[in-house]
Amino acid sequence: MFVKRCARNYKGKIYESFWLVEAYREKGKIKHRYIVNLDKLSPDTRNKLKEVLANPKAVVVEDMSKFFVRGYNYGEIVFFLYIMHKLGLIRVLKERLSKKALSLIVAVLLNRILKPSSKMGAIAWIKDTSFPFFSSLKDKDYHHNFVYLAMDEVDENMEEIEEGFYKLSGGKPMFLLYDITSVYFEGNGTAKGKRGYSRDRRPDRPQVLLGVVLNEDGFPLHFEIFDGNTRDSKTVIDVAKRVKERFGIEKAIFVGDRGMITVENIKELTSEHMGLGYIMALRHEDAKELFAKKNIQLELFDKQLPVTIYQEEGKKYVLCGSEYRKARDEATLMNLIKRGEEALSIVKGMVDEGKLKDYEKVIRRAQKKLTESGASRYLDFEYRDGEFKIIKKEEEIERAKILCGHYVLETSEIDMEEERVEAHYKELQQVERCFRDLKEFLEIRPIYHWLDKRVKVHIFCCIVAQVVLSYVRKVLKANGWLGKENTLEKFINLLSSVKLGKFLVGREEVLQVQQENPVEEILLKAFKLLPFDYERDKGFCSI
């Protein structure tokens, strides 16, 4: 057998193909039997095949399964290494890390994307995949203590690595999308680990607050770790200053959620030396106060939304609506009122049973219970002639029900159309998507590290991994692959079905990629990734 090149000239252009051909004799004449087309093979692979066929000791093995030693996870490893190279992430890390640290950090990133676990679990897992074939790590290097040393190396070079990472965002942003979430610890945590309001519903655990700024394309511009008991509004100015200085921003719009608006924050953001605009949502209580103070008519709720409801020097307020928010807000309101009624019912029960009679004590106890419930805006009470009554503020409750499903945005962009103000605020959903990925897909918490520097590196690695996931999701969606049945998780599972086989033929070790690939078409169409080929993949994806 040999490799035959077939060529033809058509309209002055040469078209060639390659075939594996077997020569045989028939009636004294030499003829060729075309066995398989080799066009999909790379030139290097075809040349190696020629060398094998020219070797007189070469033999044809019809059933390689007899020589099978073991298989390795391959498809997902090669794909995500390819994406990290394509996005420039490995180049950024390579510029500042030793070769050993680079390989270990990339191993951690792959583990975080594909099978989140502790650093010890990550090393045990990655060693059992095809990753070692793409890395120069020695067997002894696969140890969690070396991972911690690699994390420390990242920390020592964090400022330069962050600068390189953020430059991948594509230039000066127009919008700074900022939000905060909480990340809790397993154990006692670190110096920054404090108990505070938990978005994870784990008030029993110490936590840190994670603030993330994305640009309008959803790429991270900055992340900051705060003490776990820090108020949202206290984080805004320092974060805005850092991003402005990093990118040399002259004009951009800061977009934030409820809890970030304070007089001090607005004054500083719009000051001459900061020069930022802003779009932020009012807290429900502040929105209700705005309606009451400015005597804004509720008939505005019947108009086509969004609509400007009030404007003064340097800012305006835009009323927006959402059916999804309506159901959620109504449920929250009813739960709040119920909590207040239950709190006051405790006092009423004590009065009815004669356990509490003194007027001053009844009033103090009831006021304390009502304040703690947070329902004082909607409930009141009366104690007269030994009888305790719970009073609903029906007018306030009705006003609150009208506001359900609505929210008010405050913005410095007076000339911006209301529809655009609302649309830019809704871009905060990209930050929410980032947080969901970090917590549900990448399992950023609980944090097991006890040193602040390693907590920061752990969170940075999770954010880098989220950038990879976000890119893959966007590309799949843009190419029409994602849908009700096709999810990102399904895509990764299909990739995981492609294995690398190790065979032992005589004394020769042979590595062969499984030919069947259920996502080969979308890989080529969406990511320009050619069919898996071990030698070619190793050339591009090695670290």
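This text goes with the structure placed above it.
Throughout this document, residue positions are counted from 1 along each chain, in the order its sequence is written. At least 70 in pLDDT is required for a residue's local features to be given in this predicted model, at least 80 for side-chain atom pairs to be given and counted, and no such filter applies to totals for whole chains, interfaces and linings, which use all residues. To get the side-chain values, all heavy atoms of the structure are used, and hydrogens and water are removed first.

Undergrad: So what exactly am I meant to see when it comes to the nonpolar core here?
TA: Among soluble globular proteins, nonpolar side chains are generally buried collectively. Ranked by internal contacts, the top residues of the largest apolar core, which has 130 residues, are F79, F131, L269, I459, F491 and F527. Secondary structure elements follow DSSP: runs of H or I of four or more residues count as helices, runs of E of two or more count as strands, with numbering from the N terminus. Sort the elements by how many residues they give to this core and helix α16 (residues 452-478) lands first, with 15 residues. Residue contacts are defined here by distance: any two heavy atoms, one from each residue, within 4.5 Å place the two residues in contact. If sequence neighbours within four positions are ignored, F491 has contacts with F79, V472, L476, W481, V519, I522, L523 and F527. Nonpolar cores are built from buried Ala, Val, Leu, Ile, Met, Phe, Trp, Tyr and Cys residues. Side-chain atoms within 4.5 Å join them into one set. A 1.4 Å probe rolled over the protein chains alone gives each residue an accessible area, and that area as a share of the maximum for its type sets the label: buried under 20%, exposed over 50%, partly exposed in between. In terms of nonpolar packing, the next biggest core, distinct from the first, is built from 19 residues, V351, L356, V362 and A400 among them.

Undergrad: Explain the packing of helix α2 (residues 75-87) against helix α4 (residues 99-114) to me, please; I cannot follow it from the model alone.
TA: Any two packed helices are characterised by how steeply their axes cross, that is the angle between the axes, and by the distance between the axes. As a rule, the C-alpha atoms of each element are fitted with a line to give its axis, helices using only the stretch in contact, and angles between N-to-C directions run from 0 to 180 degrees. Close contact between α2 and α4 brings their axes to 11 Å; oriented N to C, the two are set at 120 degrees. Once α2 is placed against α4, the crossing between them reads as right-handed. Only V106, L109, L110, I113 and L114 of α4 make contact with α2, whose side of the interface consists of E76, I77, F80, L81 and M84. Partitioning the contact of α2 with α4 into residue classes produces nine nonpolar, no polar and one charged. Take the far helix as the reference: if the near one is turned anticlockwise from it by less than a right angle, the crossing is left-handed, and if turned clockwise, right-handed. When residues are sorted by character, Ala, Val, Leu, Ile, Met, Phe, Trp, Tyr, Cys and Pro go into the nonpolar class, Asp, Glu, Lys and Arg into the charged class, and all the rest, Gly among them, into the polar class.

Undergrad: Even after reading the chapter, I still don't get the sheet that holds strand β8 (residues 253-256), so can you show me in this structure?
TA: Strands in a sheet are paired, the pairing made by backbone hydrogen bonds, and the direction either parallel or antiparallel. Sheet architecture is open: eight strands sit in the order β7-β6-β5-β8-β9-β14-β11-β10, paired in mixed fashion. Only two strands of the sheet have a single neighbouring strand rather than two, namely β7 (220-227) and β10 (307-312). Here the strands of the sheet are splayed against their neighbours by 20 degrees on average, with no regard to which way each runs. Strands pair, by our definition, only if DSSP identifies at least two bridges between them. Note: β8 against strand β9 (residues 277-281), four bridges, orientation parallel. By the bridge assignment, I253 is partnered in β9 with G277. The strands touched by helix α8 (residues 236-247) within the sheet are β5 (175-184), β6 (207-214), β7 and β8, with β7 carrying the most contacts at an inclination of about 150 degrees.

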